[in-house]
Amino acid sequence: MRVTQRAIQAMGDEMRVVRNGFFVGVCACALISATSAMAQVDQVRNFDLPAQSLTEALRAVARQSGLEFSAPADPLRGKTSKPLKGQFSPAQAAKRLLKGTSLTAEVIDGALIVRAGRVSSVASTSGNGNDIIVTGSRLSSGESSSPTIQLDADTIKLAGQTDVGAAMRALPQNFSGGQNPGVAAGAIGITNQNLTSGSSPNLRGLGADATLTLLNGHRLSFGSFVQAVDVSAIPLAAIDRIEIVPDGASAVYGSDAVAGVVNVILKQNYNGLSLLANLGGATDGGDFKQQYSAVAGRTWSTGGFMAAFSHDRNSAIFSSQREFTAYMPDGNTLYPKTNQNSLVITGRQDISSGIEAYLDATYNVRTAFSSQGTSSGYVYTNTPKTRDFSVSPSVQMSLGSRWGVRISGTYGRSKTEYDQTTFYQGETAARTRGCYCNVLGGVEAYASGPLVTINGNTLDLVAGGGYRYNHYETVRYNTSATDNDGSISSYYAFSEISIPFVKPGQGSPLLEKLIFNAALRYERYPQIASVAVPKIGVIYGLSPSVEIKATWGKSFKAPMLYYKFADRVAYLYPVSAFGGAQRYPAGSILLVDVGGNTNLKPERATSWSTTLSVHPVEIPRLNLQATYFHVNYKDRIIQPVPGAASSSILSGTSPYDSFITYDPSQSIADAILAGADKIYNYGGTDAANNIVAILNNRYINAARQSIHGIDITMDYKIPLDSSSVVLNASGSWLWSNQKVSDSLPVTQLAGTIFNPPRFKARASVGWMNDAFSLMTFVNHLSSLEDNRSTPSGRIASQTTLDASIRYKMQNRAGPLQNVSITLSAQNILNRRPPYSAPTSGQTYYVNYDSTNHSPIGRFISATISKDW
């Protein structure tokens, strides 16, 4: 799609209006809320509580403080507390007891109130036992200056979602394209492929390889060839919550954290047993889903463990089961069939005084089936089998004076074995089998602790380093084709500091809090590049009700291993096939050089964000947040000349001239042919001696992208006499474009087919008490532009409704005690995906944008669970 200068100017004007309005709103809210009264500091008391039930420990804090006590029963069930000894305010004591959970505590109107987390903008902590990690920071005492979104497991389940992938696809800041099970053949873009039937986060639509996915702060092995992590391989039964930082974080975590970080946090200090069964299906047929899971845990005075297992399967959806795809030939799947078993184990143990050992381990195996049928009688099937495992041990040692050292290691493998069979009129015509194999290894160590005291506040420091290794290999089992493999390793050092100039209770009017954060990371990739990336942030509290956060930093992403080590292929074509018949004599040859490129360099980005957070003390339980973000992303790796553009590449009017070498010397052509893994000659026996032009179409660092937008979230819990009403809304506006070279126009990304929508939102309203929960959800995707042809077309927007109801039998005796029953319906009105013409007009491609819309339709499910 070409964008005219007038259109670019109009988009710029539109963005300036939105941006200016945003900052005016920030200032207005700040001035209005700055007059809020300063919060009074809670009275400090002496606590000496033994390890016990977490509920009883919290109740003891409230009782000793003369406060009423209110807390949700289900999130506290089975959890135990560590001993609490020292002088704390009631709120501080409760927060120490709740470390490592998704629960929050505050003192309001003479009561200690504990709340379960929901989709929240508040930064929170994670970790095993006493090990506290703030997502977006390695400082346990730090408060992230980046916006942080939290999804707790109970909210995911109540929404009728059965895996992490489904929860991420519903998130407004995430694009459901890339590696996801609903992505169908014909979706343009090399990473828009459903190879494993897994699910990978894709924040801002920058690619799953530009979103760093962690488990309890550890890296996991890449899957398939798209350099993405499969979050659906982690059983939902094991998860406490998911924390998402949609902001560049390479200064803290290194490569891949360009769009942000997704940290999946496991249950900690879990004591008990829980069993769950879920059955559901699409009312139009197909996608009959079954899930059976168990989670068990036990704690003791010096440690604990938790293990979770989940068996998940679903049937395929065929094109014949949907009226809108009835035109497709027999044998086409719209959604794959899968069968998966996944296991997670986590634990901790005190080795001696001041030394603790931790372990996180995962295992997953999945088989899938999908097929594509053609009107000529051919059917192509794919039955991949994916096996993943990871082991991440770590040791934390206390050095005294609040200093500590943490040493951790990670080893993981992902093996996707594909099995692609071609059938013709029911008979096997061809079969290809192989493997995309990935290995991850690494070791890291860092020290953290206080340096000095400023204004009575401690300045904390983290410093460390490590080594990481990634290996990728393509193996073809039953052909003579050359396997390709390669690896990259990196050595890195990092540091992070937090300077709390002013904390609550120390300031003055218009200065409730002032915290400065900074991080720096140096990473060296031998024979590739060395990268140094900083990040700075500030948190400014105008009053107890208003905070402004700002960040600026640089991020990077090492080249995708497939892009570096894929086969280099040379094609020899007559120039007449590329529009050159009038310019060159008969027999002239175009050499097309495509494939992997071992000379690729890291992709680099500069990002900044500004966040306004409002949580009025006059309206407890109301949280509002608005964030403006901006990313300049350069040196993106692409194949610069798309297939449709190459047919006229030699016409003399092509804008891709910068990627063509005219009249090359014979030595240059010979060097390309000598370096190619494969050569396909369509130009005759003497073609190599008649090359008049070279199309340089290997993967290169060429594209520049600009991404900016606004996120808005709202959480509000309204307490009633014996129940509460909960409101939540989240929306994301996104503008993004790309420029490949100076001779090519800017192309729009966001708001166009096979890219993120310009606006995506999800809102919910619910009512709940101790026994019942009733939730309704609204999901909205804005319209898209289909720019695959001229004039471009419009793909309609879509709004869907979901609902869930849950009943918990808490006070019953006998076998029904602590049994919960949940009924859920997604896409209640059975909205079909908005129409878009099949790619290239082929009847074996779907007639909707499968990266944004789902063919499932109305889906109804029932879940029963029991806790002991």
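Residues numbered from 1 in each chain as written. Predicted model: local features only at pLDDT ≥ 70, side-chain atom pairs only at ≥ 80, totals over all residues. Heavy atoms only, no water.

(A) Spotlight on the nonpolar core. Judged by nonpolar contacts, the single largest core of 39 residues is most densely connected at I234, I242, I244 and Y633. Sorting the residues of this core by element identifies β8 (149-152), α6 (164-170), β11 (239-245), β12 (260-266), β15 (303-314) and β32 (622-638) as the ones contributing at least two each. V594, I638, L650 and A703 belong to the second-largest nonpolar core, a separate cluster that totals 21 residues. (Core = buried A, V, L, I, M, F, W, Y, C linked by side-chain atoms within 4.5 Å. Buried < 20%, exposed > 50% of the residue type's maximum accessible area, 1.4 Å probe, protein only. Helix = DSSP H or I, 4+ residues; strand = E, 2+ residues; numbered from the N terminus.)

(B) Layout of the state of the cysteines. By the definition in use, this model includes 1 disulfide. Linked covalently through their sulfurs, C435 and C437 form a disulfide whose S-S length is 2.1 Å. A torsion of 125° about the S-S bond marks the disulfide between C435 and C437 as right-handed. Each of the two residues, C435 as well as C437, counts as buried. (Disulfide = S-S within 2.5 Å.)

(C) Fine view of the sheet that holds strand β30 (residues 589-595). Read across the open sheet, the 5 strands follow the order β33-β35-β30-β29-β34; overall the sheet is mixed. With partners counted over all chains shown, the strands left at the sheet margins are β33 (660-662) and β34 (678-681), one partner each. Strand after strand, the sheet turns through a mean of 15° between neighbouring axes, direction not considered. (Pairing = 2+ DSSP bridges. Axes fitted to C-alpha atoms, helices over the stretch in contact; angles between N-to-C directions.)

(D) Inspection of helix α4 (residues 90-97) at higher detail. Those residues of α4 that fall on the buried side of the exposure criterion are P90, A91, A93, A94 and L97. Axial view of α4: buried residues confined to an arc of 160°, hence all on one face. (Arc of directions from axis to C-beta.)

(E) Broad picture of helix α9 (residues 666-675). The set of residues buried in α9 consists of A669, I672 and L673. For α9, the buried positions fall inside an angular range of 95° around the axis, keeping them on one side. The exposed residues of α9 that point more than 90 degrees off its buried face are S667 and A674. In this fold, the buried residues of α9 make contact with β29 (568-574), β30, β34 and β35 (691-698). (Contact = heavy atoms within 4.5 Å.)

(F) Region of the structure containing the environment of H471. Checked against the element boundaries, H471 lands in strand β24 (residues 457-476). Once residues within four sequence positions are removed from consideration, H471 is found in contact with C437, N438, V439, D485, G486, S487 and L561. Reaching out from H471, the side chain makes a polar contact with the backbone oxygen of G486 at a distance of 3.3 Å. (Polar contact = N/O pair within 3.5 Å; in protein donor to acceptor, adjacent residues only side chain to side chain.)

(G) View of the packing of aromatic side chains. According to the stated counting rule, one finds 23 aromatic pairs in the structure shown. Aromatic rings pair up to connect F225, Y418, Y436, Y472, Y562, Y563 and Y699 into one cluster. The ring of F629 has R204 sitting right over it, with the charged end atom 3.6 Å from the ring centre. Between R521 and the ring centre of Y492, over which it is positioned, the NZ or CZ distance is 4.1 Å. (Phe/Tyr/Trp six-rings, centres within 6.5 Å; stacked < 30°, edge-to-face > 60°. Lys NZ or Arg CZ within 6 Å of the ring centre and 35° of its normal.)

So yeah, pure geometry; function would need other evidence.
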